[in-house]
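Observations on the model geometry
One-letter residues, chain by chain:
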Amino acid sequence: MNSETPKLQRRLKNRHIQMIAMGGAIGTGLFLGSAHIIQSAGPSIILGYMIGGLIAFLIMRQLGEMIVHEPVTGSFSYFAFKYWGRFSGFLTGWNYWVLYILVVMTELTAIGKYVNYWWPHIPAWVSVLVFFVVVTFANLANVKLYAESEFWLSMIKVLAIVAMIIFGIYLLMTADVGSTASISNLWTHGGFFPHGFEGLFYMLAFMMFAFGGIELISMAAAETENPDQNIPKAVNQTVIRVFLFYICSLAILLSLVPWNQLDLGGLDKSPFVLIFKQMGIEWAAHLLNFIILTASVSVCNSGMYANSRMLLGLAEQGNAPQIFKRVTQQGIPVPAVLFSALLIFGCVLLNYFVPEKALSYLIYIVVAAAVLNWMMISLIHLKFRKAMKQQGIQTKFPALFAPFTNYLVLAFMLMILYIMWSQGFMLSVLMLPVWILLLFGIFKILQARKA
């Protein structure tokens, strides 16, 4: 009889972790959230995503250096714990766990909007409940089965975005003289900055929401085959692809129909679907809505995966109840999955009681938690580099231009908090120090009980 405690299994290949990360990053932020940004920033949304993509890339290279050096469960929470102290690991891990509870809730809420495009009579909470059950069962399956399902879910949306870009280029090249389709739409209707640079600047906080999820690579590190080779590839390729998908798809779509002629109707409409619908290409609008729905299911799948692995990592540090250390013979942390699912179920209730405001509430709370998460990654990386320098260790996948880029990321995140504060989301910003103090209080109580 094998008495060894079951552990996570290194069964994920390079293609799996790339798609897991892309699955987390290409979802509501691009397909649904961009509607609000287009109204405020116009074509300059393209520049905004370039800026956001650059910051995301710098953060990923900082994280990548650490996870290639030690591909462990719990990722940056583990590094915070090891190189900065027990509370840092506690704060980072629980913040990330809560962040992804909110991310999955956001995506489930968006799914209700996509289903309503076809069947407006179906209450949003019903759609949310159905997909919540599907995603939970997928995460209780064998990790290889989860990875394969996520690979194909992500592949569908990646191929769809590529096909959409190619189809958009075709429409631009074959447009009639009287057609609205023209690349000049990017600068002729009020200019590239129709509401001035301010219109773009104050949307940067919202744009950063779109890049949340690329750090999912780090959650899969402990289950990745040949992490020394596969993680650097995944970090570089994923960020570049996500970057190109956002820039190219939005540039093409905003060339097809002038931004100021789009009837976006707020947060609950996808500009991608509406553009094709407005051009009279109904079949493309329906197909795209299906693709977007698939994209959000993919993010939910990846998000619940990240949640369970972070909870497992916290338990291994002694920063979460020990029941969450339990892993089945198939490598599934079942208690961690079920507890995460229990909290995510709150999304069903949110959509039942306040369906019209659920998405906007969630997105800004997510951005605040994500800002803390990204700031912690850069700060932890500074501590990590200091430890490596003291030990005389040369890492295999060094971050770009550190420590300068660490300070650049931190300054950018402080700017995002300023934007949120000035745009009427003071509560989200004020909640950050309250949240940190709350976690510190819980941490101290737990430490006192252990003593």
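Some words on the overall build of the protein chain
If you tally the helices and strands in the protein chain, you get 20 helices and zero strands. Taking as baseline every contact in the protein chain between residues at least 6 positions apart, the subset at least 24 positions apart corresponds to 84%. If you sum the accessible surface of the protein chain, you get close to 18000 Å²; carbon and sulfur atoms cover 68% of it.

Overview of the environment of Val-68
With respect to the element layout, Val-68 can be found in helix H4 (residues 45-69). Separated by 159 residues in sequence, Val-68 and Pro-227 place their C-alpha atoms 6.4 Å apart. Apart from residues no more than four positions distant in its own chain, Val-68 is found in contact with Asp-228, Ile-231, Pro-232, Lys-396 and Phe-397.

Focus on the pattern of salt bridges
The tally for this structure, following the rule as stated, stands at one salt bridge. Residue Lys-82 pairs with Glu-70 through a salt bridge whose shortest N-O separation is 3.0 Å. Residue Lys-82 is located in helix H5 (residues 75-83), and its partner Glu-70 is located in the loop between H4 and H5; the two are separated by twelve residues in the primary sequence. A relative accessible area of 44% places Lys-82 in the partly exposed class. Residue class for Glu-70 comes out buried when judged on its relative accessible area of 13%.

Remarks on helix H7 (residues 124-139)
Taking 1.5 Å of rise per residue, the 16 residues of H7 would be expected to cover 22 Å, and the 23 Å separating its terminal C-alpha atoms lies within 8% of that figure. Those residues of H7 not exposed but buried are Ala-124, Ser-127, Val-128, Phe-131, Phe-132, Val-135, Thr-136 and Asn-139. Projected down its long axis, H7 carries its buried residues within an arc of 160 degrees, all on one side.

Comments concerning the side chain of Gln-62
Tracing the backbone through its elements, the reader meets Gln-62 in helix H4. Gln-62 gets classed as buried once you look at its relative accessible area, which sits at 0%. Excluding its chain neighbours within four sequence positions, the residues that come into contact with Gln-62 are Ser-378, His-381, Ala-399, Thr-405, Asn-406 and Val-409.

Description of the packing of helix H6 (residues 86-118) against H7
Two elements in contact, H6 and H7, have axes whose closest approach is 8 Å; the angle formed by their N-to-C orientations is 120 degrees. Relative to H7, the element H6 lies oblique. Read as a crossing pair, H6 and H7 show a hand that is right-handed. The residues of H7 that touch H6, namely those facing Leu-108, Thr-109, Ile-111, Gly-112, Val-115 and Asn-116, are Ala-124, Ser-127, Val-128, Phe-131 and Phe-132. Split into classes, the residues belonging to the contact of H6 with H7 amount to seven nonpolar, four polar and no charged.

Structural notes on the side chain of Asn-406
Along the chain, the position of Asn-406 falls in helix H19 (residues 404-422). Take Asn-406: its relative accessible area is 0%, and that puts it in the buried class. With residues up to four places along the chain from it excluded, the contact list for Asn-406 reads Gln-62, Ser-378, His-381 and Leu-382.

Looking at unusual backbone geometry
Omega for the peptide link from Ala-402 to Pro-403 comes to 5 degrees, which places this bond in the cis form. Here Pro-403 lies in the loop between helix H18 (358-391) and H19. Backbone geometry places Phe-401, a non-glycine residue, at a positive phi of 50 degrees.

Points about the nonpolar core
Residues Ile-45, Tyr-49, Leu-108, Leu-256, Phe-276, Met-413 and Ile-416 are the most contacted members of the largest nonpolar core, which totals 134 residues. Counting residues per element, this core draws most heavily on H6, at 18 residues.

Let's talk about helix H20 (residues 426-450)
With 25 residues, H20 extends 37 Å from end C-alpha to end C-alpha; this agrees with the ideal 36 Å at 1.5 Å per step. The largest bend along H20 reaches roughly 30 degrees and is located at Leu-432, with the proline Pro-433 sitting one to four residues downstream. Among all positions in H20, only Ser-428, Val-429, Leu-432, Leu-439 and Phe-443 are buried.

Concerning the environment of Lys-325
Along the chain, Lys-325 turns up in the loop between helix H15 (282-317) and helix H16 (334-344). Relative accessible area serves as the criterion here: at 36%, Lys-325 is assigned to the partly exposed category. Sequence-wise, Lys-325 and Leu-311 are 14 residues apart; in three dimensions their C-alpha atoms are separated by 8.2 Å.

Examining the packing of aromatic side chains
Scanning the entire structure with this criterion turns up 20 aromatic pairs. Taking the centre distance of 6.4 Å and the plane angle of 55 degrees together, the rings of Phe-90 and Trp-94 count as tilted. With Phe-90 and Trp-94 both in helix H6, this residue pair falls four residues apart, about one helical turn. On the accessibility criterion, Phe-90 (3% relative accessible area) is buried.

Observations concerning a nonpolar patch on the surface
Together, Ile-156, Trp-283, Leu-287 and Phe-290 give the surface a local cluster of nonpolar side chains, amounting to about 420 Å² of exposed area. Ranked by the residues each element gives to the nonpolar patch, the list is headed by H15, at three residues. Tracing the backbone shows Phe-290 in helix H15.

Considering the packing of H5 against H15
Packing of H5 against H15 leaves a shortest axis separation of 8 Å and a crossing angle of 20 degrees. The angle between H5 and H15 falls in the class roughly parallel. Seen along the crossing, H5 lies across H15 with a hand that is right-handed. Contact with H5, carried on its side by Phe-76, Ser-77, Tyr-78 and Phe-81, involves Met-310, Leu-314 and Gln-317 of H15 and no other residues of that element. Along the lines of polarity and charge, the residues of the contact of H5 with H15 split into five nonpolar, two polar and no charged.

Thoughts on the confidence of the model for the protein chain
Taken as a whole, the protein chain shows an average pLDDT of 80; of its residues, 84% reach a score of 70 or greater. Across the protein chain, the element-wise mean pLDDT spans from 60 in helix H2 (residues 28-31) up to 93 in H19.

Reading guide: rules and limits
Residues numbered from 1 in each chain as written. Predicted model: local features only at pLDDT ≥ 70, side-chain atom pairs only at ≥ 80, totals over all residues. Heavy atoms only, no water. Helix = DSSP H or I, 4+ residues; strand = E, 2+ residues; numbered from the N terminus. Contact = heavy atoms within 4.5 Å. Areas by Shrake-Rupley, 256 points an atom, 1.4 Å probe, with all protein chains shown as cover. Salt bridge = Lys/Arg side-chain N within 4 Å of Asp/Glu carboxyl O. Buried < 20%, exposed > 50% of the residue type's maximum accessible area, 1.4 Å probe, protein only. Expected span 1.5 Å × (residues − 1). Arc of directions from axis to C-beta. Axes fitted to C-alpha atoms, helices over the stretch in contact; angles between N-to-C directions. Parallel < 35°, antiparallel > 145°, perpendicular 65-115°, else oblique. Left-handed = near helix turned anticlockwise from the far one by under 90°. Nonpolar A, V, L, I, M, F, W, Y, C, P; charged D, E, K, R; others polar. Core = buried A, V, L, I, M, F, W, Y, C linked by side-chain atoms within 4.5 Å. Bend = angle between axes of the 7 residues up to and from the residue. Phe/Tyr/Trp six-rings, centres within 6.5 Å; stacked < 30°, edge-to-face > 60°. Patch = residues over 30% accessible without salt bridge, like charges linked within 9 Å, V, L, I, M, F, W, Y side chains within 5 Å. pLDDT = per-residue confidence, 0-100.

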